[in-house]
Amino acid sequence: MKGIVFTEFLDLVEDKFGIEMVDKIISQSNLESEGVYTSIGTYKFSEMLQLLKNLNQNSGIPIDDLLLTYGEHFFSVIESSYAGLLATYKDPIEMLSSIENHIHVEVRKIYPDAELPEFIVEEKTENSLIMIYKSGRAMHHFGLGLMNKTFEHFNSTASIVIERIKEDGTEVKFLINKN
């Protein structure tokens, strides 16, 4: 997992809970990296799982809710670092439907070893989108947070429903209807 995902997560934890919480969840975890991350480094996903689990235990906030908030936070990174990419889209449905064939292609140019989730468009209309998310990491609520902020970026709103295809969350269906 790319380091930027870790550095931004810890920034969010510090912003929302304070530096003491950052120190606490790092010290409660058994991290090969010892909690020292660089944005361009690559780290084991198990480290993110430990940090999330410890934040959940210390805050009482469900992991899916933490991932949703983190996805919403991470969109600001995309806005500031990839404004040109966002500017190529006129509409949130258009942008979301191009995750796999455009956005992830661009991400792989920057981070060739990135392990990205797969998004398969099943159905697309002007105001709706049905996509399948597949990832062994089961971080679909992170994706939901990014989707929420995508609509906000385009001064729009949507109803987004998640249907689990696999019980463990490694495969879900997003039913997106623009309001």
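This report concerns the structure included in the present document. Since the model is a prediction, treat every value here as computed from it, not as a measurement.

Rules used in this analysis
Residues numbered from 1 in each chain as written. Predicted model: local features only at pLDDT ≥ 70, side-chain atom pairs only at ≥ 80, totals over all residues. Heavy atoms only, no water. Helix = DSSP H or I, 4+ residues; strand = E, 2+ residues; numbered from the N terminus. Rg over C-alpha atoms; globule rule 2.2 N^0.38 Å. Buried < 20%, exposed > 50% of the residue type's maximum accessible area, 1.4 Å probe, protein only. Contact = heavy atoms within 4.5 Å. Core = buried A, V, L, I, M, F, W, Y, C linked by side-chain atoms within 4.5 Å. Phe/Tyr/Trp six-rings, centres within 6.5 Å; stacked < 30°, edge-to-face > 60°. Pairing = 2+ DSSP bridges. Axes fitted to C-alpha atoms, helices over the stretch in contact; angles between N-to-C directions. Parallel < 35°, antiparallel > 145°, perpendicular 65-115°, else oblique. Left-handed = near helix turned anticlockwise from the far one by under 90°. Nonpolar A, V, L, I, M, F, W, Y, C, P; charged D, E, K, R; others polar. Patch = residues over 30% accessible without salt bridge, like charges linked within 9 Å, V, L, I, M, F, W, Y side chains within 5 Å. Areas by Shrake-Rupley, 256 points an atom, 1.4 Å probe, with all protein chains shown as cover. Salt bridge = Lys/Arg side-chain N within 4 Å of Asp/Glu carboxyl O. Lys, Arg positive; Asp, Glu negative; His and termini not counted. Charge placed at Lys NZ, Arg CZ, Asp CG, Glu CD. Polar contact = N/O pair within 3.5 Å; in protein donor to acceptor, adjacent residues only side chain to side chain.

1. A short note on the overall build of the protein
Item 1. In terms of regular secondary structure, the protein is built from eight helices and four strands.
Item 2. The order of helices and strands in the protein, counted from the N terminus, is α-α-α-α-α-α-α-β-β-α-β-β.
Item 3. In terms of overall size, the protein behaves like a compact globule, its C-alpha atoms giving a radius of gyration of 16 Å where 179 residues would be expected to give roughly 16 Å.
Item 4. Projected onto the principal axes, the alpha-carbon positions of the protein cover approximately 50 × 30 × 30 Å.
Item 5. Buried residues in the protein amount to 48% of all 179 residues.
Item 6. Of the contacts formed within the protein by residues at least 6 apart in sequence, a portion of 59% connects residues at least 24 apart.

2. Notes on the nonpolar core
Item 1. Ranked by internal contacts, the top residues of the largest apolar core, which has 52 residues, are Phe 9, Leu 51, Phe 174 and Ile 176.
Item 2. Leaving out residues up to four positions away in the same chain, Ile 176 has contacts with Ile 93, Leu 96, Asn 127, Ser 128, Leu 129, Met 131, Met 147, Phe 151, Ala 158, Ser 159 and Ile 160.

3. Side note on the side chain of His 73
Item 1. Within the secondary structure, His 73 is located in helix H4 (residues 63-81).
Item 2. In this view, His 73 contacts Glu 8 and Leu 12; residues no more than four positions away in its chain are not counted.

4. Remarks on the packing of aromatic side chains
Two numbers describe a pair of aromatic rings. These are the distance of the centres and the angle of the planes.
Item 1. Overall, the coordinates contain nine aromatic pairs when judged by the stated rule.
Item 2. When the centroid spacing of 5.4 Å and the interplanar angle of 80° are considered together, the rings of Phe 9 and Tyr 70 count as edge-to-face. Linking Phe 9 in helix H1 (residues 3-17) with Tyr 70 in helix H4, this pair joins segments that are 61 residues apart in sequence.
Item 3. Classification of Tyr 70 as buried rests on a relative accessible area of 1%.
Item 4. Clustering of aromatic rings is evident, with ring pairs tying together Phe 9, Tyr 70, Phe 74 and Phe 142.

5. Observations regarding the pairing of strand E4 (residues 171-178)
Item 1. Across seven bridges, the pairing between strand E2 (residues 128-134) and E4 is antiparallel. From the neighbouring strand, Leu 129 faces E4, where its bridge partner is Ile 176.
Item 2. Between strand E3 (residues 158-164) and E4, which follow one another and run antiparallel, lie six residues, and Gly 169 among them has a positive phi close to 80°.

6. Some points on the packing of H4 against helix H8 (residues 140-153)
Item 1. For the pair H4 and H8, interaxial distance at closest approach is 6 Å and the crossing angle is 45°. Taken as axis vectors, H4 and H8 run oblique relative to one another. In this structure, H4 meets H8 at a crossing whose hand is right-handed. Together, Asp 64, Leu 67, Leu 68, Tyr 70, Gly 71, Glu 72, Phe 74, Phe 75, Ile 78 and Glu 79 of H4 and His 141, Phe 142, Leu 144, Gly 145, Leu 146, Asn 148, Lys 149, Thr 150 and His 153 of H8 make up the contact between the two elements.
Item 2. Of the residues assigned to the contact of H4 with H8, the class counts are nine nonpolar, six polar and four charged.

7. What about a negative patch on the surface?
Item 1. A surface patch of negative charge is lined by Asp 11, Glu 14, Asp 15, Glu 20 and Asp 23.
Item 2. Only H1 and helix H2 (19-28) provide two or more residues apiece to the negative patch.
Item 3. A per-element tally of the negative patch places H1 first, with three residues.
Item 4. Within the secondary structure, Asp 11 is located in helix H1.
Item 5. Accessibility expressed as a relative area gives 36% for Asp 11, which makes it partly exposed.

8. Structural notes on the side chain of Glu 8
Item 1. Mapped onto the elements, Glu 8 comes out in helix H1.
Item 2. No salt bridge is formed by the buried Glu 8; the nearest opposite charge belongs to Lys 16, separated by 12 Å.
Item 3. Of note is the side chain of Glu 8, whose polar atom sits 3.0 Å from the side chain of His 73.
Item 4. When sequence neighbours within four positions are dropped, the list of residues in contact with Glu 8 reads Tyr 70, His 73, Phe 74 and Val 77.

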